[in-house]
Amino acid sequence: MTADETWAGRSTNRRERRAAHRAHADYTGGVYGSMLAASVVIGAGTLGSFPRAELVLLLLLTSLVFWIAHVHAELFGARLARHTPDRRVILRVCREEWPIVKAAVPPAAAIAVSPVLGLDVPGTLWLALSVAVAGQVGWSVAAAHRAGASRRLVAVTATVNVLLGLVIVVVKITVTH
């Protein structure tokens, strides 16, 4: 085998591994993280007036804590209890669970820019909640699409997540009124 053939084989293997990783990408953390962000926004909204920076930190720190909890559960749960995870496995699990944190960033950004939009606290909370629910729907649609689901199944998952989002909105209305 020539050096060029070896290089081409490595390059092809790397591309195949990346394609396989994308095909098996799990967006569960993104959906979960979006629902978590929406819950944090609802919970913070019941406390009354607060600085926006506090809510941004609350969203990001809560998502980090849940990310750590998910990584811990994955690494030390029943699946890996019999094997000591190596660095490669730990990094893979950290990457796989990272969407939990990524999902909190758009609602946190919405809160951060809300003064520029002239929003008061209730308006800020509704904007953040809307962004979180939109993220939840987006992550679920991306997951279904990436898994090769039919258009009908993608529409079903979007509809289910819109309905879950509406349940969250009803909870907000009920809790804050």
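Rules used in this analysis
Residues numbered from 1 in each chain as written. Predicted model: local features only at pLDDT ≥ 70, side-chain atom pairs only at ≥ 80, totals over all residues. Heavy atoms only, no water. Axes fitted to C-alpha atoms, helices over the stretch in contact; angles between N-to-C directions. Helix = DSSP H or I, 4+ residues; strand = E, 2+ residues; numbered from the N terminus. Parallel < 35°, antiparallel > 145°, perpendicular 65-115°, else oblique. Left-handed = near helix turned anticlockwise from the far one by under 90°. Contact = heavy atoms within 4.5 Å. Buried < 20%, exposed > 50% of the residue type's maximum accessible area, 1.4 Å probe, protein only. Polar contact = N/O pair within 3.5 Å; in protein donor to acceptor, adjacent residues only side chain to side chain.

- The protein goes by Integral membrane protein in an unreviewed UniProt entry, where it is assigned to Streptomyces coelicolor.

## A word on the packing of helix 2 (residues 28-45) against helix 7 (residues 121-146)
Okay, step 1: Relative orientation of the contacting elements helix 2 and helix 7 amounts to 165°, with a least axis distance of 8 Å. Taken together, the axis directions place helix 2 and helix 7 in an arrangement best described as roughly antiparallel. In this structure, the crossing between helix 2 and helix 7 has a hand that is left-handed. Two secondary-structure elements touch here, helix 2 through G30, V31, S34, M35, A37, A38, V41, I42 and G45 and helix 7 through L125, A128, L129, A132, G135, Q136, W139 and S140.

## Brief notes about the environment of V31
Okay, step 1: With respect to the secondary-structure elements, V31 resides in helix 2.
Okay, step 2: A relative accessible area of 17% means that V31 is categorised as buried.
Okay, step 3: What V31 contacts, discounting residues up to four positions off in sequence, is Q136, W139, S140 and N161.

## Section: the side chain of Q136
Okay, step 1: Mapped onto the fold, Q136 is located in helix 7.
Okay, step 2: Taking the relative accessible area as the measure of exposure, Q136 reaches 0% and is therefore buried.
Okay, step 3: Among the polar contacts listed, one links the side chain of Q136 to the side chain of N161, at a separation of 3.1 Å.
Okay, step 4: When residues no more than four places from it in sequence are discounted, the contact partners of Q136 are V31, S34, M35, N161, L164, G165 and I168.

## Things to note about the side chain of S114
Okay, step 1: Secondary-structure assignment places S114 in the loop between helix 6 (105-113) and helix 7.
Okay, step 2: With a relative accessible area of 0%, S114 lands in the buried category.
Okay, step 3: Here the side chain of S114 touches T124 through a polar contact of 3.0 Å, side chain to side chain.

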